[in-house]
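The lines below spell out each chain.
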Amino acid sequence: MMKILGIESSCDECAAAVVEDGKLVLSNVVATQIPLHAKYDGVVPELASRMHTEWIYRVAGEALEKAGLSPAEIDGVAATAHPGLLGSLLVGLSFAKAFAWARKLPFIAVNHMLAHLYAPRLHWEQPPEAPPEYPFLGLLVSGGHSIICRVDNFDAISVLGTTVDDAAGEAFDKVSAHYGFGYPGGVYIDRLAKKGNPEAFRFPMPSLRKGDHPYDLSYSGLKTAVINQLEQFRNPRAAAGSDREDIAASFQKTAVEILLRALFRAAEDTGLTTVVAGGGVAANSYLRSRLAERADLRSIFPPMEFCGDNGAMIAGIGYQYLVRGDRSPLSAAASARVQGFKKRYP
Ligand code: KG4
Ligand code: ZN
């Protein structure tokens, strides 16, 4: 049996976990910085890395303590190396390297987005009914990324589509910041939308430009419509309700339709019938219910605690590399981006 310590610090969650044999979660500690960044309506990178520096030692210590283990009982260390905020990544990565070096343990640097796709395999005592079998479709939607991909193994994905501008979560955050709903935007919009009329505004769907892939996504048009051209899209036939709730519900509906249009297209074209969702936006209740309506697709959402950023998914995927004999050098670098994960205008 192999017990891996997983360290995650790519954004605003300072997280550590111990996972046995890539599946059984022994501890999962997530110290969130949300209250710190909320007053700025977004993550302030400099503050984030500073807090990680202050917290990482205690967070990792708590993960060991909750697992009932001493450092000597850990068999390997995994940490997020990319993508993410560079200063934040460096803290967790450096801590993990130091831990591995001091205890002479195997070390592996992992990709945060691949770890999100690994999350449905994690469990506490009760194993999940049937973990998804490869290949499947991956829907990775967070504050920094929106990716539709074909997943052939824990370390093998082919990106089918990405956003050409804003990430899905970024659109939730920006709309929410504009209207003062709260941060993180997705959480507040999801909540407000439950009391709103999704037909109150009819926002346009993006049209793909020449050269875009049919599974690409775009959110800047929707964001502009909701923030700057709101009245233009008011549906005269919808009963007037409360604007806050109606804006949230109408925006959320369109934001999710954008994702689903591309996802369903990819499902049809690839013939893949299992979808694994991951990243913060995968917590969205409207997205979940719309996917559940599709009886022909098996949609898998990791449990909420493994859906957002956490150390367990890092330890879990880290185990798969380590057990195969893969190792990262202690010189392994952090990087903000991963090639091909985000499109840029030429
Ligand atoms: O994966 P994550 O925790 O961190 C990143 O790697 O970015 O994702 C955070 C994003 C934020 O943009 C947040 O607004 C969004 O996930 N989010 C949601 C919901 N909960 C969090 N978006 C839509 N609906 C939600 N319920
Ligand atoms: Zn994430």
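Counting restarts for each chain, with residues numbered from 1 along the sequence as it is written. By the order in which they are written, chains take letters starting at A while ligands take numbers starting at 1. Totals for whole chains, interfaces and linings use all residues, but because this is a predicted model, local features are given only for residues with pLDDT of at least 70 and pairs of side-chain atoms are given and counted only at 80 or more. The side-chain numbers reported here are obtained from all heavy atoms of the structure, hydrogens and water having been left aside.

1. Here we look at the overall build of the protein chain
Using the following cut-off: Runs of E in the DSSP output that reach at least two residues are strands. Runs of H or I that reach at least four are helices, and both are numbered from the N terminus. A radius of gyration in this sense is built from C-alpha atoms; the matching globule rule multiplies 2.2 Å by the number of residues raised to 0.38. Partly exposed residues are those whose accessible area sits between 20% and 50% of the maximum for their type, while under 20% is buried and over 50% is exposed, using a 1.4 Å probe and protein chains only. Residue-level accessible areas treat just the shown protein chains as cover; the underlying method is Shrake-Rupley with a 1.4 Å probe.
Looking only at helices and strands, one finds eleven helices and ten strands in the protein chain. Here the C-alpha atoms of the protein chain give a radius of gyration of 20 Å, agreeing with the 20 Å that 2.2 N^0.38 yields for 346 residues. Each principal axis of the C-alpha distribution contributes one length, and for the protein chain these read about 65 × 45 × 45 Å. A burial count over the protein chain gives 55% of its 346 residues as buried. Total accessible area on the protein chain stands at roughly 14900 Å², and carbon and sulfur atoms take up 54% of it.

2. Quick word on the coordination of the zinc ion (ligand 2)
Put simply, the test is: Coordinating donors are taken as N, O and S atoms within 2.8 Å of the metal, stretched to 3.2 Å for Na, K and Ca; because water is absent from the atoms, sites can appear incomplete. Only four donors with every angle between 85 and 135 degrees are called tetrahedral; only four or six donors with opposite donors over 155 degrees apart and all others between 65 and 115 are called square planar or octahedral, in that order; all others are irregular.
Around the zinc ion (ligand 2), the protein contributes the donor atoms His112 (NE2), His116 (NE2) and Asp309 (OD), which lie 2.1 to 2.2 Å from the metal centre. Its four donor atoms give the zinc ion (ligand 2) angles of 91 to 154 degrees at the centre, a pattern that matches the irregular case. Positions of the donor residues of the zinc ion (ligand 2) along the chain correspond to the pattern H-x3-H-x192-D. In this pair, His112 is assigned in helix H4 (residues 112–118) and Asp309 in the loop between helix H10 (304–307) and helix H11 (312–324), connecting sequence segments 197 residues apart. A residue is classified by how much of its surface remains accessible, and Asp309, at 17% relative accessible area, is buried.

3. Let's talk about empty space enclosed by the protein
Selection rule: Cavities and pockets were defined on a 1 Å grid built over protein atoms only: a cavity is a set of grid points that admits a 1.4 Å probe from which the probe cannot escape, a pocket is an open set flanked by protein on both sides within 12 Å along at least five of seven lines, and lining residues are those with an atom within 4 Å of any such point. Grid points are joined across faces, edges and corners, and a volume is the space filled by probe spheres set on the points. Amino acid classes used here: Ala, Val, Leu, Ile, Met, Phe, Trp, Tyr, Cys and Pro are nonpolar; Asp, Glu, Lys and Arg are charged; the rest, including Gly, are polar.
Considering all chains together, one arrives at one cavity of 30 Å³ or more under this definition. Size it by volume and the largest cavity reaches roughly 90 Å³. The wall of the largest cavity is formed by 14 residues, among which Pro206, Leu208, Asp216, Leu217 and Ser218 lie closest to the centre. When grouped by side-chain class, the residues that make up the lining of the largest cavity number seven nonpolar, two polar and five charged.

4. Describing the site of ligand 1
Rules: Each residue is tested against the molecule or strand, and it is near if at least one of its non-hydrogen atoms lies within 4 Å. Side-chain atoms alone can form a polar contact between residues adjacent in sequence; in general such a contact is a pair of N or O atoms within 3.5 Å, and within protein one must be able to donate a hydrogen while the other accepts it. Placement in a cavity or pocket follows one criterion, namely that more than half of the molecule's atoms lie within 2 Å of its grid points.
Around ligand 1, 19 residues are found, and the nearest of them are Gly143, Asp173, Asp190, Gly280 and Asn284. One nitrogen or oxygen atom from the main chain of Gly169 is found 3.1 Å from an oxygen atom belonging to ligand 1. Here an oxygen atom of ligand 1 sits 3.3 Å away from a polar atom, N or O, in the side chain of Asp309. Out of a free accessible area of 550 Å², ligand 1 has 88% covered by protein chains. Here ligand 1 is seated within the largest pocket. Those elements that provide at least two residues to the shell around ligand 1 are H4, helix H5 (168–179) and helix H6 (185–193). For the shell around ligand 1, the element with the most residues is H6, which contributes four residues. Here the shell around ligand 1 is built from residues that sort into five nonpolar, eleven polar and three charged.

5. Observations regarding the layout of surface pockets
Gaps left between atoms are located by rolling a probe of water-molecule size over the structure's atoms. Rules: Residue ranges labeled as domains rest on an automatic or database domain assignment.
By volume, the largest pocket amounts to about 1300 Å³. Forming the boundary of the largest pocket are 42 residues, of which Cys11, Ser142, Gly143, Gly144 and Asp173 lie nearest the centre. Take the lining of the largest pocket: its biggest share by element is five residues, from H6. Looking at the lining of the largest pocket residue by residue, the class counts come to 16 nonpolar, 15 polar and eleven charged. Counting the residues that make up the lining of the largest pocket, at least three belong to each of domain 1 (3–122 + 306–324) and domain 2 (136–301).

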